[in-house]
Amino acid sequence: MFDYSARPDLLKGRIILVTGAGRGIGEAAAKAYAAHGATVLLLGKNEENLNRVYDEIEAAGWPQAAVIPLNLETALPHQFDELAAMIEREFGRLDGLLHNAGIVGPRTPIEQLSGDNFMRVMQVNVNAAFMLTSTLLPLLKLSEDASVIFTSSSVGRKGRAYWGAYAVSKFATEGLMQVVADELDGTSRVRANSVNPGATRTDMRAKAYPGENPSVNPLPETIMPVYLYLMGPDSRDVNGQAMDAQ
């Protein structure tokens, strides 16, 4: 496991947007960020899940979160512009962006993968991450110290049979992170890195590996050290790195 211990006020006063914040790793990250002082903007497609996470953050006495229902699969360019305008109006800036939302799509040979399924995975995992990053960068640049974290995968670093669209989308994610990091290097106080969470006890993992005993994998809460490290000031000089949570 990534070795890092975050001090309690690590993210005090920061405004951090987390996509896919309604469950799994996104929910765990949102709560970890809130527990360390951040105002977390919870973005996801299932409003019921987002409201539950919001209520749990509220009940814990952490800074009040905000719920932003948005389906990244169907979101249009103007909706990303409206999101940026709302964040600027309500919060004035953005200090962090965690791209966590993602879908696996069918695990099947490339020749049996439909174009529709391929494009659906790319839309959520790549296109939406690009749109959010490009639209929100001006707000991130208003921060004294901002961080963008992209979510990768081991199959986004070495392709594997039957991982089809998902693997391709994660290679694209690594490429997007590298381009963004290189553009930001020395020109702003924003940095960009990627995290491979590794095998984690989530619904997505269970869907991808139906025969696996889920208890062999760590809970999302246990892989949070790298997410806290990259989002906080201790990683200020870390840019363009592909990191592993485990």
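Residues numbered from 1 in each chain as written. Predicted model: local features only at pLDDT ≥ 70, side-chain atom pairs only at ≥ 80, totals over all residues. Heavy atoms only, no water.

Looking at an unreviewed UniProt entry, one finds the protein chain named YciK family oxidoreductase, with Stutzerimonas marianensis as its source organism. Looking at the Sequence similarities (unreviewed entry) heading of the UniProt record, one finds this comment for the protein chain: "Belongs to the short-chain dehydrogenases/reductases (SDR) family." (UniProt positions renumbered as here; feature names shortened; annotations may be inferred.)

Novice: What am I meant to see in the overall build of the protein chain here?
Specialist: Assigned secondary structure in the protein chain consists of seven helices and seven strands. Listed by position from the N terminus, the elements making up the protein chain come as β-α-β-α-β-α-β-α-β-α-β-α-α-β. Since a compact globule built from 246 residues should have a radius of gyration of about 18 Å, the 17 Å found for the protein chain is in line with a globular shape. Counting only C-alpha atoms and orienting by the principal axes, one finds that the protein chain spans roughly 50 × 35 × 35 Å. Within the span of the protein chain, comprising 246 residues, buried residues form 51% of the whole. Contacts in the protein chain between residues at least 24 apart in sequence constitute 73% of all its contacts with a sequence separation of at least 6. Summed over its atoms, the accessible surface of the protein chain is roughly 11,300 Å², and 51% of this surface lies on carbon and sulfur atoms. Computed over 22 positive and 28 negative side-chain charges, the separation of the two mean positions in the protein chain equals 4 Å. (Helix = DSSP H or I, 4+ residues; strand = E, 2+ residues; numbered from the N terminus. Rg over C-alpha atoms; globule rule 2.2 N^0.38 Å. Buried < 20%, exposed > 50% of the residue type's maximum accessible area, 1.4 Å probe, protein only. Contact = heavy atoms within 4.5 Å. Areas by Shrake-Rupley, 256 points an atom, 1.4 Å probe, with all protein chains shown as cover. Lys, Arg positive; Asp, Glu negative; His and termini not counted. Charge placed at Lys NZ, Arg CZ, Asp CG, Glu CD.)

Novice: Please explain unusual backbone geometry as it appears in this structure.
Specialist: Peptide bonds are, in most cases, trans, and in most cases residues other than glycine have a negative phi. Although it is not a glycine, Y162 sits at a positive phi angle of roughly 75 degrees. Of note, Y162 is situated in the loop between β5 (146-151) and α5 (164-184).

Novice: Sorry if this is basic, but what is going on with the packing of helix α4 (residues 115-140) against α5 here?
Specialist: To characterise two packed helices, one gives the angle between the axes of the helices and the distance between these axes. Running from N to C, α4 and α5 cross one another at 15 degrees; their axes reach a closest spacing of 8 Å. Taken together, α4 and α5 sit at an angle that is classed as roughly parallel. In this structure, the crossing between α4 and α5 has a hand that is right-handed. The residues of α5 that touch α4, namely those facing F118, V121, M122, N125, V126, A129, F130, T133 and L137, are A165, Y166, V168, S169, K170, A172, T173, L176, V180 and L184. (Axes fitted to C-alpha atoms, helices over the stretch in contact; angles between N-to-C directions. Parallel < 35°, antiparallel > 145°, perpendicular 65-115°, else oblique. Left-handed = near helix turned anticlockwise from the far one by under 90°.)

Novice: It is not clear to me how the sheet that holds strand β2 (residues 39-44) should be interpreted in this structure. Could you clarify?
Specialist: As a general point, the strands of a sheet are linked pairwise by backbone hydrogen bonds and lie either parallel or antiparallel. One open sheet holds the seven strands; their spatial order is β3-β2-β1-β4-β5-β6-β7, and the pairing between them is parallel. Of all strands in the sheet, those bounded by a partner on one side alone are β3 (66-69) and β7 (242-244). Geometrically, the sheet is characterised by an average inter-axis angle of 20 degrees between neighbouring strands, direction not taken into account. With four bridges connecting them, strand β4 (residues 96-99) and β5 associate as parallel partners. Looking at the pairing, G96 lines up with S147 of β5. Contacts from α5 reach β5, β6 (190-196) and β7, with the element oriented near 160 degrees to β6. (Pairing = 2+ DSSP bridges.)

Novice: I'm lost on the pattern of salt bridges in this one. Help?
Specialist: Oppositely charged side chains can form a pair if their charged atoms are brought close together. Across all of its chains, the model carries 15 salt bridges by this definition. The closest approach of N and O atoms between D145 and R14, which form a salt bridge, is 2.8 Å. A residue pair is termed long-range when its members are at least 10 positions apart, and D145 in the loop between α4 and β5 and R14 in the segment before β1 (15-19) qualify at 131 residues. Exposure remark for R14: the relative accessible area of 11% places this residue in the buried category. Across the pair R89 and E90 runs a salt bridge whose closest N-O atoms are separated by 3.9 Å. Across this residue pair, the class does not change: R89 and E90 are exposed. Beyond isolated ion pairs, a larger network of salt bridges with shared partners links R14, D145, R191 and R236. (Salt bridge = Lys/Arg side-chain N within 4 Å of Asp/Glu carboxyl O.)

Novice: Looking at this structure, how should I read helix α7 (residues 224-231)?
Specialist: Residue pairs spaced three or four apart in an α-helix point in one direction, given the helix's 3.6 residues per turn. Taken across its eight residues, α7 has eight buried, putting it largely inside the fold. Taken residue by residue, α7 has M224, P225, V226, Y227, L228, Y229, L230 and M231 as its buried positions.

Novice: Sorry if this is basic, but what is going on with the nonpolar core here?
Specialist: In terms of nonpolar packing, the biggest core is built from 35 residues, with Y33, L42 and Y227 touching the most fellow members. Elements that contribute at least two residues to this core include exactly β1, α1 (24-35), β2, α2 (47-59) and α7. When neighbours within four sequence positions are excluded, Y227 is seen to be in contact with I25, Y33, L98, I149, V195, P197 and A245. In terms of nonpolar packing, the next biggest core, distinct from the first, is built from 32 residues, I68, A75, L83 and A192 among them. (Core = buried A, V, L, I, M, F, W, Y, C linked by side-chain atoms within 4.5 Å.)

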